[in-house]
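So you can see what is in the structure, the chains are spelled out below.
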Amino acid sequence: MTEFKTDVILRGDCVEMLKGLPDASVDMVFADPPYNLQLGGDLLRPDNSKVDAVDDDWDKFGSFAEYDAFTRAWLSECRRVLKPEGSIWVIGSYHNIFRLGAAIQDLGFWVLNDIIWRKSNPMPNFKGTRFTNAHETLIWAARSRDQKRYTFNYDALKAFNEDVQMRSDWTLALCTGEERLKDADGKKAHPTQKPEALLHRVLLSATRPGDVVLDPFFGTGTTGAAARRLGRSFIGVERDATYADLAEKRIAEVIPASADDLKVMGSKKTEPRVPFGALVEAGLLRPGDRLYCPKGEREARVRADGSLVVGDLTGSIHKLGALLENAPACNGWTYWRFKTDQGFKSIDALRAEVRAGLG
């Protein structure tokens with residue numbers, strides 16, 4: 001077993017390099033394995049010019065069985081090195097994602113989501129014989145079905161998405177322009193370089209600053225660049241020396257954000273529980289004060305024990321809200337309002353005051 005280091009690129013065969021990592025040593029895996037495209041010949045544009053497609057040796061396998069065996073080997077090692085609360089992201093196209101998905105489930109991972117990366121600028125289908133292939137699929141999975149905890153920065157993603165829940169379809173452009181690395185001849189250095197925006201969102205979703213992210217197919221280092229920028233550590237595995245050299249140079253030029261700027265929105269689930277009665281205890285509301293429904297057409301009186309009363313109906317902020325709306329449930333914190341000189345304000349603001357006082 002070699003000494004465990006982070007922020008390094010391990011050069012060599014993927015499976016053999018992974019075997020050198022300790023058990024339960026990484027927080028997340030992001031894997032962009034070979035597509036196994038099974039190309040039948042050159043792909044030409046309408047003007048007969050050749051498309052720079054993926055025809056590298058690393059993408060060639062003798063059969064589906066050979067590809068499946070390779071897939072299960074590296075996935076097994078990734079599962080071994082994941083921490084008990086870790087997760088894995090695997091990206092692929094229609095050529096390989098279904099085989100990857102089957103292996104992921106067979107090996108004991110538990111699928112949490114599939115994400116559709118919709119490419120805003122996909123390559124056309126030049127032959128006109130199929131639909132334009134305009135997306136790739138990411139599978140996000142926990143290490144096991146019994147896993148109770150895994151990192152998911154729900155509130156941070158909601159803030160990122162202008163206070164709307166982040167959906168499982170992401171529209172992002174392909175890697176183009178200055179971001180696309182070039183070789184000495186000005187050609188694409190890597191045929192399937194992913195946009196850093198994609199990795200930014202993945203890491204923001206499922207890691208915290210300081211976490212260790214493993215990428216067993218490191219390529220030109222997109223995962224490492226995004227990790228360094230976001231204050232995460234990385235371990236990359238890459239067998240192609242040219243790709244590894246480009247990745248090292250690229251990552252060295254990244255300037256990480258400050259620790260303060262890397263903080264993400266915390267989840268209310270992790271904050272101290274504050275019962276409604278604590279607002280009355282603290283004097284932020286008094287017995288007899290009125291609370292109002294969102295549009296102000298109904299009002300309830302606050303009682304000393306933290307319950308509400310409307311006519312003959314009494315109950316908690318949640319129960320009474322549900323009764324008035326004839327609904328099976330109600331979040332009273334977002335339903336009830338109190339009156340201020342500036343208009344109605346949610347009682348959730350008062351809960352925030354109490355939490356701030358708790359430290």
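Going by the structure above, here's the rest.
As the structure is a computational prediction, the values presented were derived from the model and not from experiment.

Helix and strand counts for the chain stand at 11 helices and 14 strands. The C-alpha atoms of the chain give a radius of gyration of 26 Å, which is well past the 21 Å a tight globule of 359 residues would have. Along the first, second and third principal axes, the C-alpha atoms of the chain reach 80 × 50 × 40 Å. Within the span of the chain, comprising 359 residues, buried residues form 43% of the whole. Expressed as a percentage of contacts within the chain between residues at least 6 apart in sequence, the contacts between residues at least 24 apart total 67%. Side-chain charges in the chain split into 50 positive and 51 negative, and the spacing between the mean points of these groups amounts to 6 Å.

Before going further, it helps to spend a moment on the sheet that holds strand 5 (residues 135-142). Taken together, 8 strands build an open sheet; the order of strands is 1-8-7-2-3-5-4-6 and the sheet is mixed. Bordering the open sheet on either side are strand 1 (8-11) and strand 6 (169-172), each of which pairs with just one other strand. Adjacent strand axes in the sheet meet at a mean angle of 20 degrees, parallel and antiparallel pairs treated alike. Relative to strand 6, strand 4 (residues 110-119) is paired through 4 bridges, and the arrangement is parallel. Paired with Trp117 across the two strands is Trp170, which belongs to strand 6. In the packing of helix 6 (residues 222-229) onto the sheet, contacts are made with strand 2 (26-31), strand 7 (212-215) and strand 8 (233-238), and the angle to strand 8 comes to roughly 170 degrees. Running at roughly 175 degrees to strand 1, helix 7 (residues 241-252) makes contact with strand 1 and strand 8 of the sheet.

Residue pairs three or four apart in sequence face the same way in an α-helix, which turns once every 3.6 residues. Three or more residues of helix 11 (residues 348-357) are buried, namely Asp348, Leu350, Arg351, Val354 and Arg355. Buried residues in helix 11, looked at end-on, bunch into an arc of 155 degrees, giving them a common side. Away from its buried face by more than 90 degrees, helix 11 exposes Ala356 and Gly357. On its buried face, helix 11 sits against helix 8 (277-281), helix 10 (332-335), strand 13 (337-340) and strand 14 (343-346).

Attention shifts here to the packing of helix 2 (residues 64-81) against helix 3 (residues 97-106). Interhelical geometry of helix 2 versus helix 3 gives an angle of 45 degrees and a closest axis separation of 10 Å. In terms of their interaxial angle, helix 2 and helix 3 are classed as oblique. Relative to helix 3, helix 2 is oriented so that their crossing is right-handed. Where helix 2 approaches helix 3, its residues Phe64, Tyr67, Asp68, Thr71, Arg72, Trp74 and Leu75 are matched on the opposing element by Arg99, Leu100, Ala103, Ile104 and Asp106. Of the residues belonging to the contact of helix 2 with helix 3, the class tally is 7 nonpolar, 1 polar and 4 charged.

The next subject is helix 7. For helix 7, built from 12 residues, the straight-helix expectation of 16 Å at 1.5 Å per residue is met to within 8% by its first-to-last C-alpha distance of 17 Å. Within the span of helix 7, buried status applies to Tyr243, Ala244, Ala247, Arg250 and Ile251. In a view along the axis of helix 7, the buried residues occupy a sector of 130 degrees, so they form one face of it. In helix 7, those exposed residues whose orientation departs by more than 90 degrees from the buried face are Thr242, Lys249 and Ala252. Structurally, helix 7 contributes buried residues whose contacts are with strand 1, helix 5 (196-206), helix 6 and strand 8.

For the structure on display, the rule yields 18 salt bridges. In this structure, the salt-bridge partner of Lys83 is Asp27, at a minimum N-O distance of 3.2 Å. With Lys83 in strand 3 (residues 82-92) and Asp27 in strand 2, the pair connects residues that are 56 residues apart, well separated along the chain. We classify Asp27 as buried; its relative accessible area is 16%. The partner of Glu136 in a salt bridge is Lys119, with the nearest N and O atoms 2.9 Å apart. In this pair, Glu136 sits in strand 5 while Lys119 sits in strand 4, placing the two residues 17 residues apart along the sequence. As far as burial versus exposure is concerned, Glu136 and Lys119 are alike and both buried.

Another aspect to go through is the packing of helix 5 against helix 6. Running from amino to carboxyl end, helix 5 crosses helix 6 at an angle of 55 degrees, the nearest separation of the two axes being 9 Å. The orientation of helix 5 with respect to helix 6, classified from their angle, is oblique. Between helix 5 and helix 6 lies a crossing whose hand is right-handed. Packed against helix 5, whose contacting residues are Glu196, Leu199, His200 and Leu203, the element helix 6 presents Thr222, Thr223, Ala225, Ala226, Ala227 and Arg229 at the interface. Residues that form the contact of helix 5 with helix 6 fall into these classes: 5 nonpolar, 3 polar and 2 charged.

Rules used in this analysis
Residues numbered from 1 in each chain as written. Predicted model: local features only at pLDDT ≥ 70, side-chain atom pairs only at ≥ 80, totals over all residues. Heavy atoms only, no water. Helix = DSSP H or I, 4+ residues; strand = E, 2+ residues; numbered from the N terminus. Rg over C-alpha atoms; globule rule 2.2 N^0.38 Å. Buried < 20%, exposed > 50% of the residue type's maximum accessible area, 1.4 Å probe, protein only. Contact = heavy atoms within 4.5 Å. Lys, Arg positive; Asp, Glu negative; His and termini not counted. Charge placed at Lys NZ, Arg CZ, Asp CG, Glu CD. Pairing = 2+ DSSP bridges. Axes fitted to C-alpha atoms, helices over the stretch in contact; angles between N-to-C directions. Arc of directions from axis to C-beta. Parallel < 35°, antiparallel > 145°, perpendicular 65-115°, else oblique. Left-handed = near helix turned anticlockwise from the far one by under 90°. Nonpolar A, V, L, I, M, F, W, Y, C, P; charged D, E, K, R; others polar. Expected span 1.5 Å × (residues − 1). Salt bridge = Lys/Arg side-chain N within 4 Å of Asp/Glu carboxyl O.

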